[in-house]
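# Chain and residue survey
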Amino acid sequence: MSTTLAPDLAPQADVARQLGPDWLLPVREAALAEFSRIGWPTTRNEDWHYTNPSAIAEGKFVLAAPDERATGERRTPTGTAAHGVTVAHLAPYTFGQDWPLMVFVNGRFAPMLSRLGALQAGVRVTPLAEAMREDRDFLEARLGTVARFDEHAFTALNTAFMTEGAVIHVAKNVEVAEPLHLVFIADEQAEGTISHPRVIIAAEPNAKVTVIESWGAVGTPRHVSNVVTEVDVASGATVTHLKMQRESAAAFHVGTVQVNQAKDSHFVQFTFQSGAQLMRSNIYTHLNGPGCGSTLNGLVLADGTQHLDTQTRIEHVAPRCYSRELYKGVLDGEGHGVFNGKVYVHPEAQQTDGKQENHTILLSDRAQIDTKPQLEIFADDVKCTHGATVGRLDQAAEFYMKSRGISAEHARRLLVYAFAADVLETIENEVVRTGLEALVLERFAGVVV
Amino acid sequence: MLKIDNLTASVGGTQILNGISLTVNAGEVHAIMGPNGSGKSTLAQVLAGHPAYEVTGGTVTFQGADLLDMDPEVRAQHGVFLAFQYPIEIPGVTNAYFLRAAYNEIRKAKGLDEVDPMDFLDLMSDRLKLVEMDEAMLQRSVNAGFSGGEKKRNEILQMAVLDPTLAILDETDSGLDIDALRIVAHGVNALKKPTNATIVVTHYQRLLNHIVPDHVHVLAAGRIIKSGGKELALELEARGYDWVLEEAGLATGAHA
């Protein structure tokens, strides 16, 4: 029995071969070959034990808005570039800020909604399609060098089919003052489609930049977002990556963030996951240079029948590096959370300092969490800790609040908020932090325990 | 104001209160004293509506309404306040937010407008002075990392802000040094009005030097075995509890 290839990938493989540009064709071919070799993940694969992606594999999703050149016909009615999505639809995602903004609607760059006018010197933010046409040298040296497609099926798929996305390049010693914001919106026209956005972030030595990815929806389209974000953090540079995934309750989201870090660099990430019926987040960092470190934090909010899976893998390759992980989850209804935190400490990675925590509260009897720390340590001078807890709302605190006149519903909402508070506090950007705090307070407004 | 009639209650199937009757009128301070395990704290928790305690009999009428029929938050909205023996820590929720949320919910229940954060801060400033607390503590998480004395002062601060009709102080003196005790007692006395009442639950007499009761009740084995004026507290301080227990025909266990 084999589920290696969905029957409709074959014709789509031909689509991939026609996507262009020509210089990328060998990469696409290689990615297709790797995908054929790896196949769709199944729950027999250890990394996919708790998450079954067959709904994606068997969902007959068609490539989102393929370029006309590829097929000679449109598979989806795409309409105008923005497909009727307006600035008003973006408001829930933009924090009321006028930061540099790149908007994608149903997987395609929407220049009319974007705002890239006044970037500071040393910062380049380019749509991937444009970069493919006009910046081959830069892309050829970067694309796929961080995000390996020989291990992960969804990364291979993305590599074969990517046409849209963002390329962010920050020059040496440049500190980018404002966050760069990428917003990916899907509306009804995304129904039945799969998109493969690629985001490339390259920070040269001692550069400093914050990139925000926001994923949202207008309406409740059933579609797949398969995004790969590859981040190259050069020596002494700091990249902060904030990802807010609030896609449609009918959506599937597979997000892979792969990071290479050089000496003395920092990668700081926060993932806020509250959308999608099935979400898989892969966060892979390689600590390649001495003295660098990753801080990976996140908050997962699930209810209904949502299935939200967070996988992290931190490779301590070089000595004297640190890694910090704090993931929290609040699961209600029949929400199912998965956390698998891998930390590999290579033999040369002496004086590694690693800390991993995963804490979950279950608001209902039917909610479920599978949490699995996985530390593999091959060096002897290492400090690595991990901890996981699963609990319910603190009933003593709930009674204390009620005894002060606070309603049961308000008390529970406050306790959820309080549970999430410490991980939200790790977000340095105050606007984002405050925005997410408000989302947490709203999310469980009607919670009944 | 408060009429407790033959109240019985149990926790985890064990009966703790064995028929308590007590009437508290507006303007009065009642002290409830008794040895450890006599049911003092249970009585306080039952009046506040703690879900772990099951009322098995009797009635409690508060301002003409059936108190036992109300959820804890409704009791608070009607003016009942319990100062906890062990105040709960709530990391992640600031004192300011907590107090304002409680204050506004009580106002809402009374049909009054909610108060915005700025006006609320103004209102807080003299309440803070009453318990000699710094404004900075408003931005700290509720009771998290507070010393024992700070927690108890925070209870009295909440009482000062929420302005209850009936305040029940459960062992508020336990774990307090003499300065904190003075501050807490000063706060309670300053909040005393002809229209409200206070029940002071305590093991020791020393708090009653500062908060002078009108009535003193001795609780033992889940019922009130003796009542008197403030001089009863002094007598208990001088002679201990054994003689009252013996009078009531209860084994003291002290000499066993």
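The structure displayed is predicted, hence computed values, not measured ones.

A tally of regular secondary structure across chain A gives 11 helices and 21 strands. Compactness check: chain A gives a C-alpha radius of gyration of 21 Å against a globular reference of 22 Å for 449 residues, within 12% of the reference. Counting only C-alpha atoms, chain A reaches 70 × 55 × 50 Å along its principal axes. A buried classification covers 59% of the 449 residues belonging to chain A. Put simply, of all contacts in chain A between residues at least 6 apart along the chain, 84% involve residues at least 24 apart. With an accessible surface of roughly 16600 Å², chain A has 50% of that area assigned to carbon and sulfur atoms. Side-chain charges in chain A split into 39 positive and 54 negative, and the spacing between the mean points of these groups amounts to 1 Å.

Moving on, we get to the interface of chain B and chain A. Between chain B and chain A, the contact holds 31 residues from the first and 18 residues from the second. Between chain B and chain A lies a buried interface of about 1900 Å² when both sides are counted; carbon and sulfur atoms form 69% of it. Contact with chain A buries area across many residues of chain B, yet Glu73, Ile88 and Glu105 of chain B alone supply 26% of it, more than any other trio. Between chain B and chain A we count 1 salt bridge in total. The salt bridge partner of Glu155 of chain B is Arg404 of chain A, with a shortest N-O separation of 2.7 Å.

Let's shift gears to the pattern of salt bridges. Tallied over the full model, the rule gives 35 salt bridges over all chains. For Lys372 of chain A, the salt bridge is made with Glu46 of chain A, and the minimal N-O distance between the two is 3.3 Å. Here the residue Lys372 of chain A occupies a position in strand 20 (residues 368-377), and Glu46 of chain A occupies one in the loop between helix 2 (25-38) and helix 3 (54-57), the gap between them amounting to 326 residues. You can call Lys372 of chain A partly exposed: its relative accessible area is 25%. For Glu46 of chain A, a relative accessible area of 49% puts it in the partly exposed group. A salt bridge links Glu171 of chain B to Lys40 of chain B; the nearest nitrogen and oxygen atoms lie 3.6 Å apart. Separated by 131 residues along the polypeptide, Glu171 of chain B in the loop between strand 9 (166-170) and helix 6 (178-190) and Lys40 of chain B in helix 1 (residues 40-48) bring together distant segments of the chain.

This part is about the side chain of Thr193 of chain A. All names here are of chain A. Following the sequence through the fold, Thr193 ends up in strand 7 (residues 193-195). Overall, the relative accessible area of 4% leaves Thr193 in the buried class. In this structure the side chain of Thr193 is engaged in a polar contact, spanning 2.6 Å, whose partner is the backbone oxygen of Ala190.

The next thing to look at is the sheet that holds strand 4 (residues 53-62) of chain B. The strands making up a sheet are joined through hydrogen bonds of the backbone, oriented either antiparallel or parallel. Residues and elements named next belong to chain B. Pairing is antiparallel across the open sheet formed by 4 strands, whose spatial order is 2-1-4-5. Whereas interior strands pair on both sides, the edge strands pair on one side only; in this sheet they are strand 2 (14-24) and strand 5 (65-66). In terms of strand pairing, strand 1 (residues 2-11) meets strand 2 through 8 bridges, oriented antiparallel. Looking at the pairing, Ile4 lines up with Leu22 of strand 2.

A few words on the packing of aromatic side chains. Summed over the entire model, instances satisfying the criterion amount to 13 aromatic pairs over all chains. A ring pair is formed by Tyr327 of chain A and Phe339 of chain A, whose centres lie 5.2 Å apart and whose planes are at 35°; its orientation type is tilted. With Tyr327 of chain A in strand 17 (residues 322-331) and Phe339 of chain A in strand 18 (residues 336-345), the pair connects residues that are 12 residues apart, well separated along the chain. You can call Tyr327 of chain A buried: its relative accessible area is 2%. Here Phe339 of chain A falls in the buried class, since its relative accessible area comes to 3%. For the ring pair Phe399 of chain A and Phe84 of chain B, a centre distance of 5.8 Å and an interplane angle of 45° mean the geometry is tilted. With Phe399 of chain A in helix 9 (residues 395-402) and Phe84 of chain B in the loop between strand 6 (80-83) and strand 7 (90-94), the pair connects residues from two separate chains. For Phe399 of chain A, a relative accessible area of 3% puts it in the buried group. On the basis of relative accessible area, Phe84 of chain B is assigned to the buried category, the value being 5%. Every member of this aromatic cluster is reached through a ring pair, and the members are Phe35, Trp40, Trp48 and Phe154 of chain A.

Reading the values: rules and limits
- Residues numbered from 1 in each chain as written.
- Chains lettered and ligands numbered in written order.
- Predicted model: local features only at pLDDT ≥ 70, side-chain atom pairs only at ≥ 80, totals over all residues.
- Heavy atoms only, no water.
- Helix = DSSP H or I, 4+ residues; strand = E, 2+ residues; numbered from the N terminus.
- Rg over C-alpha atoms; globule rule 2.2 N^0.38 Å.
- Buried < 20%, exposed > 50% of the residue type's maximum accessible area, 1.4 Å probe, protein only.
- Contact = heavy atoms within 4.5 Å.
- Areas by Shrake-Rupley, 256 points an atom, 1.4 Å probe, with all protein chains shown as cover.
- Lys, Arg positive; Asp, Glu negative; His and termini not counted.
- Charge placed at Lys NZ, Arg CZ, Asp CG, Glu CD.
- Buried area = accessible area lost by both parts, 1.4 Å probe.
- Salt bridge = Lys/Arg side-chain N within 4 Å of Asp/Glu carboxyl O.
- Polar contact = N/O pair within 3.5 Å; in protein donor to acceptor, adjacent residues only side chain to side chain.
- Pairing = 2+ DSSP bridges.
- Phe/Tyr/Trp six-rings, centres within 6.5 Å; stacked < 30°, edge-to-face > 60°.

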